[in-house]
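Fold and contact review
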Amino acid sequence: MKNRSLAQKVNVMRAAVMGANDGILSVAGIVIGVAGATTSNYAVFLAGISGMLAGTVSMAMGEYVSVNTQKDSQKKAVIEQKLSLENDFEKQFEFVKQRYLDQGIKEELAEKATSEMMGKDPLVTVVREKYGFDPQQFTSPYAAALASMISFPLGSVLPLAAILLFPASTRILATFLAVMIALVITGWIAAVLGHANWKHGIARNVISGALTMMVTYVIGVLIGR
């Protein structure tokens, strides 16, 4: 990852964090639901491992498709913008200048900055200002898929280990608490990487996790009866 930009590294890290988060939550829902239906450790283990394997493949393929789709859209935008520059350079120049003016930059300085940026690399400048990405840097779908493929099973280990290692009398509660702590951590990291409000990120993660486990547990108990 030495040759990748900071933005590319962040995108791969995001895929890894979300993969781990999904691994924790998905397998926690499965094993708690099964544990609510049966006391058999083998059944819980089998369900958890099956969920881990299925989720790993699903997350990796999903991330690969998602990043490729985004990459295709970005490439299309670059092609369209290249044609726009060839057909009406002045219009694109004015667009960039207006962007700077909207940010509170004085007209003289905005004119100078636009001239320098457009003179250096007009395509990169206009694409960045219009679409918010660098046309010379695309996130690798393979790196994102690999990050998810590694992080999902790693995240899955926590709820699976908790449900199997704790005594039957406390394993549901212990798994619930362990997963809640893990979701707080992944929610905070995801919010930081996405430059979002970390309190809201943690709250959403914890609430969705708690609801998932409670629903699957209740369904498991009802089925077990």
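Summarised in this report is the structure supplied together with it. Remember, it's a predicted structure, so these values are computed and weren't measured experimentally.

1. Observations concerning the pattern of salt bridges
Using the criterion set out here, one finds 5 salt bridges in the structure. The closest approach of N and O atoms between arginine 14 and glutamate 63, which form a salt bridge, is 2.9 Å. Of this pair, arginine 14 sits in helix 1 (residues 6-37) while glutamate 63 sits in helix 2 (residues 41-87), placing them 49 residues apart in sequence. Two residues, glutamate 111 and lysine 97, come together in a salt bridge whose shortest N-O distance is 2.7 Å. With glutamate 111 in helix 4 (residues 107-120) and lysine 97 in helix 3 (residues 89-102), the pair connects residues that are 14 residues apart, well separated along the chain.

2. Side note on the packing of helix 6 (residues 141-165) against helix 7 (residues 171-193)
The description of two packed helices rests on the angle between their axes and on the distance between the axes. Where helix 6 meets helix 7, the axes come as close as 8 Å, and the angle between the chain directions of the two elements is 160 degrees. Judged by the inter-axis angle, helix 6 sits roughly antiparallel to helix 7. At the point where helix 6 passes helix 7, the crossing takes the right-handed sense. Contact residues: Leu158, Pro159, Ala162 and Ile163 in helix 6; Arg171, Ile172, Thr175, Ala178, Val179 and Ala182 in helix 7. Across the contact of helix 6 with helix 7, the residue classes break down as 8 nonpolar, 1 polar and 1 charged.

3. Notes on the nonpolar core
Counting residues in hydrophobic clusters, the biggest one holds 17 residues, and the most contacted among them are Val31, Ile163, Val179, Met180, Leu183 and Met213. Of all the elements in the fold, those that place two or more residues in this core are helix 1, helix 2, helix 6, helix 7 and helix 8 (198-224). Top element by residues in this core is helix 1. It accounts for 7 residues. Residues within four places of leucine 183 in sequence aside, it is in contact with Asn21, Ile24, Leu25, Asn205 and Gly209. Leu85, Phe93, Val96 and Ala110 belong to the second largest nonpolar core, which has 7 residues in total.

4. Points about the environment of asparagine 205
The residue asparagine 205 is located in helix 8 in this model. Taking relative accessible area as the criterion, asparagine 205 reaches 11% and is therefore assigned buried. The sequence separation of asparagine 205 and glycine 36 amounts to 169 residues, and the corresponding C-alpha distance is 23 Å. Aside from chain neighbours lying at most four places away, what touches asparagine 205 is Asn21, Leu183, Thr186 and Gly187. Engagement of the side chain of asparagine 205 in a polar contact is seen with the side chain of asparagine 21, the distance being 2.7 Å. Only 2.8 Å separates the side chain of asparagine 205 from the backbone oxygen of leucine 183, close enough to count as a polar contact.

5. Digging into the environment of alanine 143
Tracing the chain through its elements places alanine 143 in helix 6. Note on alanine 143: relative accessible area 12%, which makes it buried.

What counts and what doesn't
Residues numbered from 1 in each chain as written. Predicted model: local features only at pLDDT ≥ 70, side-chain atom pairs only at ≥ 80, totals over all residues. Heavy atoms only, no water. Salt bridge = Lys/Arg side-chain N within 4 Å of Asp/Glu carboxyl O. Helix = DSSP H or I, 4+ residues; strand = E, 2+ residues; numbered from the N terminus. Axes fitted to C-alpha atoms, helices over the stretch in contact; angles between N-to-C directions. Parallel < 35°, antiparallel > 145°, perpendicular 65-115°, else oblique. Left-handed = near helix turned anticlockwise from the far one by under 90°. Contact = heavy atoms within 4.5 Å. Nonpolar A, V, L, I, M, F, W, Y, C, P; charged D, E, K, R; others polar. Core = buried A, V, L, I, M, F, W, Y, C linked by side-chain atoms within 4.5 Å. Buried < 20%, exposed > 50% of the residue type's maximum accessible area, 1.4 Å probe, protein only. Polar contact = N/O pair within 3.5 Å; in protein donor to acceptor, adjacent residues only side chain to side chain.

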